[in-house]
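# Coordinate inspection notes
Here are the chains, one letter per residue:
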Amino acid sequence: TRYFVDHRKVRVVGGQGGGGGHSFYSEPRKIFGGPDGGNGGDGGHVILKADQQMKSLASVLPFYQGFHGERGGRKNCYGANGAYVYVKVPVGTLVKEDGKVVADLTQHGEEYVAAYGGAGGKGNRFFLSNENRAPTLFTPGEPGQERVLHLELKTTAHAGLVGFPNAGKSSLLRAISRAKPAVAAYPFTTLNPHVGIVHYQDYEQVAVADIPGLIKGAHQNRGLGMAFLRHIERCRFLLYVVDLSVSQPWIQLQDLKYELEQYKKGLSERPCVVIGNKIDLAQSRINLPLLKEQIDDRVIALSALTGDNLEELFLHLRELYDTYVKTEQSRGQSPVKW
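Conventions used here
Residues numbered from 1 in each chain as written. Predicted model: local features only at pLDDT ≥ 70, side-chain atom pairs only at ≥ 80, totals over all residues. Heavy atoms only, no water. Helix = DSSP H or I, 4+ residues; strand = E, 2+ residues; numbered from the N terminus. Buried < 20%, exposed > 50% of the residue type's maximum accessible area, 1.4 Å probe, protein only. Contact = heavy atoms within 4.5 Å. Areas by Shrake-Rupley, 256 points an atom, 1.4 Å probe, with all protein chains shown as cover. Core = buried A, V, L, I, M, F, W, Y, C linked by side-chain atoms within 4.5 Å. Pairing = 2+ DSSP bridges. Salt bridge = Lys/Arg side-chain N within 4 Å of Asp/Glu carboxyl O. Axes fitted to C-alpha atoms, helices over the stretch in contact; angles between N-to-C directions. Phe/Tyr/Trp six-rings, centres within 6.5 Å; stacked < 30°, edge-to-face > 60°. Bend = angle between axes of the 7 residues up to and from the residue. Polar contact = N/O pair within 3.5 Å; in protein donor to acceptor, adjacent residues only side chain to side chain.

## Some points on the overall build of the protein chain
Secondary structure summary: the protein chain contains five helices and 14 strands in total. Per-residue burial over the protein chain gives 49% buried out of 338 residues. Counting only contacts in the protein chain whose residues sit at least 6 apart along the sequence, the fraction spanning at least 24 positions is 72%. Here the protein chain displays about 17300 Å² of accessible surface, and carbon together with sulfur accounts for 51% of that area.

Right under this line is the structure:
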């Protein structure tokens, strides 16, 4: 079983530089040809590279080391440089060192040198001078850089499904995409974020993340707490999923927005739509007009179980996505594509 992993501690060491060569050129009729030891090759770097195909940090190992450089040879031959070691990580990976963010890999193909390889040593040819015509001095290669990094994944989906446990987020994601998160009649069925892709006829794809259920006090690390609040940070717009069958469903929305705002200021003000789920129940039809009176945001009433009114959600989801794309392009930035 491949588990979703969004935290990794990695020790990275650059490759050691190759030592300098030590030799003197000699052949018949040219006995004192002088020093001809070449320089050693540089050690290989360890490089983190963002890759769209990677969706989890599960395949990242706890230790990586770059390849060593080769020793300098005779006849002024330089040693070969050590090969680079590339570590593929998902798009949206934060790289931290001692609690400080040193890199944020948000684009496909973006790279970060996690550990530099050591410089190659100098051969005795390098030390040739008018004062010293036959140097015997040569230097060893330098060791590679060594670091301990913390990798943290923040899912980069376009939309985030935010709601309390058992609001029907996983059922909704199954209804609008091919993702298959677990669905059951008990809270905290979903323990890992799932990303589903909504396909449109013009081949545009909108990524929707099912964030595990929040509860009151999530910003204080209650319940699943901080572990999944950070995945909401990267979502460009939010889909608040509210259970219409409970009494006063607007209280759920107020609590959700409060938790998001306490976690990060301005998070609750992102473009959003309120999805009133379970409209197939009798109590939900009574609560729907009351919910619309209490809140200013647009409400889409639907049933993830029966598929009622999913078309309206598809259309509005595309409107939010198109607005996001235009906003990014007007700023001169490239929008995230799946």
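## A word on the nonpolar core
Core analysis: the biggest nonpolar cluster contains 27 residues, and Val162, Ile232, Leu238, Tyr240, Leu260 and Ile295 have the highest contact counts within it. The set of elements that each furnish at least two residues to this core consists of strand 11 (205–210), helix 2 (226–233), strand 12 (237–243), helix 3 (249–263), strand 13 (272–277), helix 4 (282–294) and strand 14 (299–301). If one sorts the elements of this core by residue count, helix 3 sits on top with four residues. Among the nonpolar cores identified, the runner-up in size contains 26 residues, and Leu161, Val241, Val273 and Leu302 belong to it.

## What about unusual backbone geometry?
The backbone of aspartate 98 sits at a positive phi, close to 55°, despite the residue not being glycine. Inspection of the secondary structure assignment puts aspartate 98 in the loop between strand 5 (93–97) and strand 6 (100–105).

## As for the pairing of strand 8 (residues 146–153)
Summarising the sheet, strand 1 (residues 7–13) and strand 8 pair through seven bridges and their orientation is antiparallel. In the sheet register, valine 12 faces strand 8, and the bridge partner there is arginine 147. The pairing of strand 5 with strand 8 spans four bridges and is classified as antiparallel. Its bridge partner being in strand 8, lysine 96 is matched across the sheet by histidine 150.

## Notes on the pattern of salt bridges
Scanning the model with the defined rule gives 11 salt bridges in all. We note a salt bridge from glutamate 328 to arginine 331, for which the minimum N-O separation is 3.3 Å. What makes arginine 331 exposed here is its relative accessible area of 56%. What emerges from the salt-bridge pattern is a single network uniting Asp202, Arg318 and Asp322.

## Observations regarding the sheet that holds strand 11
Spatial strand order, 10-11-9-12-13-14: six strands in an open sheet with mixed pairing. One side of each edge strand has no neighbouring strand; the edge strands of this open sheet are strand 10 (194–199) and strand 14. On average, adjacent strands in this sheet sit at an angle of 25° to one another, irrespective of strand direction. In the sheet, strand 12 pairs with strand 13 via six bridges, with the strands oriented parallel. What sits directly across from leucine 239, in strand 13, is valine 273.

## A word on the packing of aromatic side chains
As enumerated under the stated definition, the model contains three aromatic pairs in all. Seen from their ring centres, tyrosine 321 and tyrosine 324 are 6.4 Å apart, and the 50° between their planes marks the pair as tilted. Here tyrosine 324 and tyrosine 321 lie together in helix 5 (residues 310–330), a separation of three residues that amounts to about one turn. Accessibility assignment for this pair places tyrosine 321 and tyrosine 324 in one class, buried.

## Some points on helix 4
Its maximal kink placed at leucine 288, helix 4 deviates by approximately 30°, while the proline proline 289 follows within four residues. Within the sequence span of helix 4, burial applies to Ser284, Asn287, Leu288 and Leu291.

## Topic: the sheet that holds strand 7 (residues 111–115)
Read across the open sheet, the three strands follow the order 4-2-7; overall the sheet is mixed. In the strand order of this sheet, the two ends are held by strand 4 (85–90) and strand 7, each with one partner. Strand after strand, the sheet turns through a mean of 30° between neighbouring axes, direction not considered. Bridge count for strand 2 (residues 46–51) against strand 4 is six bridges, and the pairing is parallel. If you follow aspartate 51 over to strand 4, its bridge partner there is proline 90.

## Considering the environment of aspartate 322
Looking at the element boundaries, aspartate 322 is found in helix 5. Taking the C-alpha atoms as reference points, aspartate 322 and glutamate 204, separated by 118 residues in sequence, lie 9.9 Å from one another.

## Side note on the side chain of threonine 93
In this structure, threonine 93 sits in strand 5. Using a relative accessible area of 0% as the deciding quantity, one classes threonine 93 as buried. Within the structure, the side chain of threonine 93 is placed 2.6 Å from the backbone oxygen of proline 90, a separation counted as a polar contact. Leave out the neighbours within four places in its chain, and threonine 93 touches Leu57, Ala103, Asp104, Leu105, Leu151, Glu152 and Leu153.

## Some words on the environment of lysine 55
Structurally, lysine 55 is set in the loop between strand 2 and strand 3 (63–65). Given a relative accessible area of 45%, lysine 55 falls into the partly exposed group. Sequence separation between lysine 55 and threonine 155 is 100 residues, and the spatial gap between their C-alpha atoms is 8.4 Å.

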